[in-house]
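Remarks on the overall topology
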Amino acid sequence: MSKEAFITVKDVTKVYGDVAVVDKVSFSINSGSVTTILGPNGAGKSTLAKMMMGLVSPTRGTISINKKTPHKMRTTIGYVPQSFVFNSKIPITVSEFMKLSLHIIGKHEREKDEVIKKRFKDVGLTNVMNKKLYQLSGGQLQRVLIARALLTDKTLLILDEPVAGIDIEGRKSIYELLKDLNKNHNMTIVIISHELDVVFSYSDQVLCINRRLLCHGKPQETLTEDVIKKIYGVHHHAHYHHHCSNHS
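No experiment lies behind these values; they were computed from the predicted model shown. (Residues numbered from 1 in each chain as written. Predicted model: local features only at pLDDT ≥ 70, side-chain atom pairs only at ≥ 80, totals over all residues. Heavy atoms only, no water.)

We now examine the pattern of salt bridges. Any two side chains of opposite charge can pair, so long as their charged atoms come close to each other. This structure, assessed with the given rule, holds six salt bridges. Among the salt bridges present, the one from Asp 23 reaches Arg 212, with a minimum N-O distance of 2.9 Å. A residue pair is termed long-range when its members are at least 10 positions apart, and Asp 23 in strand S2 (residues 19-30) and Arg 212 in strand S9 (residues 212-217) qualify at 189 residues. With a closest N to O distance of 3.2 Å, Arg 119 and Asp 153 form a salt bridge. Placement of Arg 119 in helix H3 (residues 109-122) and of Asp 153 in the loop between helix H4 (138-149) and strand S6 (156-160) is noted, with a sequence separation of 34 residues between them. Residue classification places Arg 119 among the buried residues on the basis of a relative accessible area of 11%. (Salt bridge = Lys/Arg side-chain N within 4 Å of Asp/Glu carboxyl O. Helix = DSSP H or I, 4+ residues; strand = E, 2+ residues; numbered from the N terminus. Buried < 20%, exposed > 50% of the residue type's maximum accessible area, 1.4 Å probe, protein only.)

Let us look at the environment of Phe 120. Along the chain, Phe 120 falls in helix H3. Residue Phe 120 is classed as buried on the basis of its relative accessible area of 4%. Sequence separation of Phe 120 and Leu 151 is 31 residues, and the distance between their C-alpha atoms is 9.6 Å. Setting aside residues no more than four positions away along its own chain, Phe 120 makes contact with Val 94, Met 98, Leu 125, Val 128, Met 129, Val 144 and Ala 147. (Contact = heavy atoms within 4.5 Å.)

Hydrogen bonds between backbone groups are what pair the strands of a sheet, and the pairing can be parallel or antiparallel. Taken together, three strands build an open sheet; the order of strands is S2-S1-S4 and the sheet is antiparallel. With one partner strand each, in any of the chains shown, S2 and strand S4 (60-65) form the two edges of the open sheet. Averaged over neighbouring strand pairs, the angle between their axes works out to 15° when direction is ignored. Pairing analysis gives eight bridges linking strand S1 (residues 5-16) to S2, with the strands arranged antiparallel. Note that in S2 the partner of Ile 7 across the bridge is Ile 29. (Pairing = 2+ DSSP bridges. Axes fitted to C-alpha atoms, helices over the stretch in contact; angles between N-to-C directions.)

Reading fine detail from the predicted coordinates is not recommended where pLDDT is low. Averaged over every residue, the pLDDT of the protein is 84; residues scoring 70 or more account for 89%. Averaged over each element, pLDDT in the protein is lowest for helix H9 (residues 237-244) (40) and highest for S4 (97). Ignoring residues within four places in sequence, the model shows residues 237-248, a span with pLDDT below 50, making 17 contacts including any to other chains. (pLDDT = per-residue confidence, 0-100.)

Attention shifts here to the side chain of Thr 93. Residue placement: Thr 93 occurs in the loop between strand S5 (77-80) and helix H2 (94-103). For Thr 93, the contacting residues outside a window of four places in its chain are Met 129, Asn 130, Lys 131 and Lys 132.

Here we take up the environment of Val 9. Relative to the helices and strands, Val 9 is located in strand S1. Placed 16 residues apart in sequence, Val 9 and Val 25 show a C-alpha to C-alpha distance of 7.1 Å. Not counting residues within four places of it along the chain, the set of residues in contact with Val 9 comprises Val 25, Ser 26, Phe 27, Thr 62 and Ile 63.

Dropping the structure here:
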């Protein structure tokens, strides 16, 4: 028996000026799955993510999350942006940064400490509370941002290029963390990416997008040589040859 769709996207188009950056895209995502939205830079992936979060409205088409509009579900959606820019001259500690994020929720100091401690445990962070943000490694900062996205109870976590600028070992640990959050917290996770690495190892399904939906399904069945060529063009071998060899 198949799971009921948690996210449903029907004929969604987003037009800026006279350009359709997302064009007639339809798909569904099951609850408790890890889905990667894959495509080259400029393919409309981030715009699609913003529409799923209710930050941007589609020009045409509909999006529902748990049978509600994204706007009504926004408090249950955690988001980790593609880049996080802060002024390194401001000596804010990790603890202060997290408490500032909780300030708008109106929790008491003791409650804040308990929530932060629990979230840091969830993301495998230790001994960083008193560090300044600028002292963190790329992987540590990304874990802090994931913990921050989950400060209140979430059912959906969306991450835009979550391992950009992180070394190979750090990338692997971030993806392992996401898989753990998925399995042990029954969290539906959507990863926006242009890299194939994450798809085969960590995703239940892949959506291939280049303004339009090119493919949708299990990575091993969906990402054929022809599909990869459609996404990335004739020069894809230079970057993805080691993956393509898995497909005959």
